[in-house]
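The primary structure of each chain is shown beneath.
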Amino acid sequence: MMDSEGQPGSEAGAPRGARDFALGDGIRALLEDGQTLFEAEIAFQQARVGYVLGRAKGIALLLVATLFLAFFFLVALVVGLLLALTPLVGPWGALGIVAAVLLVGTIGCFVSAVSRYRAARDVLLGKDGSKA
């Protein structure tokens, strides 16, 4: 049989039921391919999340270790300063100097944190920052 373009054996000359069957098979195959693709994408994303979570645990442990070591470093630094300043200004003078420097640093960090909090809050609440 010849179709409208003169090609033998095409579906244009086939009975209507055969064309519907072929179209239905194509749609069914397309849906199955889409479902397979969707399932593969879900599995891929789950594997990515699993990898990231596994790495995040190790990163978190390293950060905790870093914080502990930084804390002990600062303690050693304070004790070293106390020992180094004691012969120069006496034990109470050394304690006063180290405590004053730590207090000034603490106040500076606190003021900076409050300022950054207020700026972030203003951005979040949509305030333009001008004092009217």
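Residues numbered from 1 in each chain as written. Predicted model: local features only at pLDDT ≥ 70, side-chain atom pairs only at ≥ 80, totals over all residues. Heavy atoms only, no water.

Take the overall build of the protein chain next. Of regular secondary structure, the protein chain possesses one helix and zero strands. Counting over 132 residues, the protein chain shows a buried share of 5%. Accessible surface computed for the protein chain: about 11,400 Å², of which carbon and sulfur atoms make up 72%. (Helix = DSSP H or I, 4+ residues; strand = E, 2+ residues; numbered from the N terminus. Buried < 20%, exposed > 50% of the residue type's maximum accessible area, 1.4 Å probe, protein only. Areas by Shrake-Rupley, 256 points an atom, 1.4 Å probe, with all protein chains shown as cover.)

Further remarks concern the pattern of salt bridges. Enumeration over the complete set of coordinates arrives at two salt bridges. Of the charged contacts, one joins aspartate 25 and arginine 28 as a salt bridge, the two residues approaching to 2.9 Å between their closest N and O atoms. Of this pair, aspartate 25 and arginine 28 both sit in helix α1 (residues 16–125), three residues apart, roughly one helical turn. When its relative accessible area of 47% is taken as the criterion, arginine 28 is described as partly exposed. The closest approach of N and O atoms between arginine 121 and aspartate 122, which form a salt bridge, is 3.8 Å. (Salt bridge = Lys/Arg side-chain N within 4 Å of Asp/Glu carboxyl O.)

The next point concerns the packing of aromatic side chains. If you walk through the whole model with that rule in mind, you get one aromatic pair. Residues phenylalanine 71 and phenylalanine 72 carry aromatic rings whose centres are separated by 5.5 Å and whose planes lie at 65 degrees to one another, so their mutual orientation is edge-to-face. Residue phenylalanine 72 is classed as exposed on the basis of its relative accessible area of 51%. (Phe/Tyr/Trp six-rings, centres within 6.5 Å; stacked < 30°, edge-to-face > 60°.)

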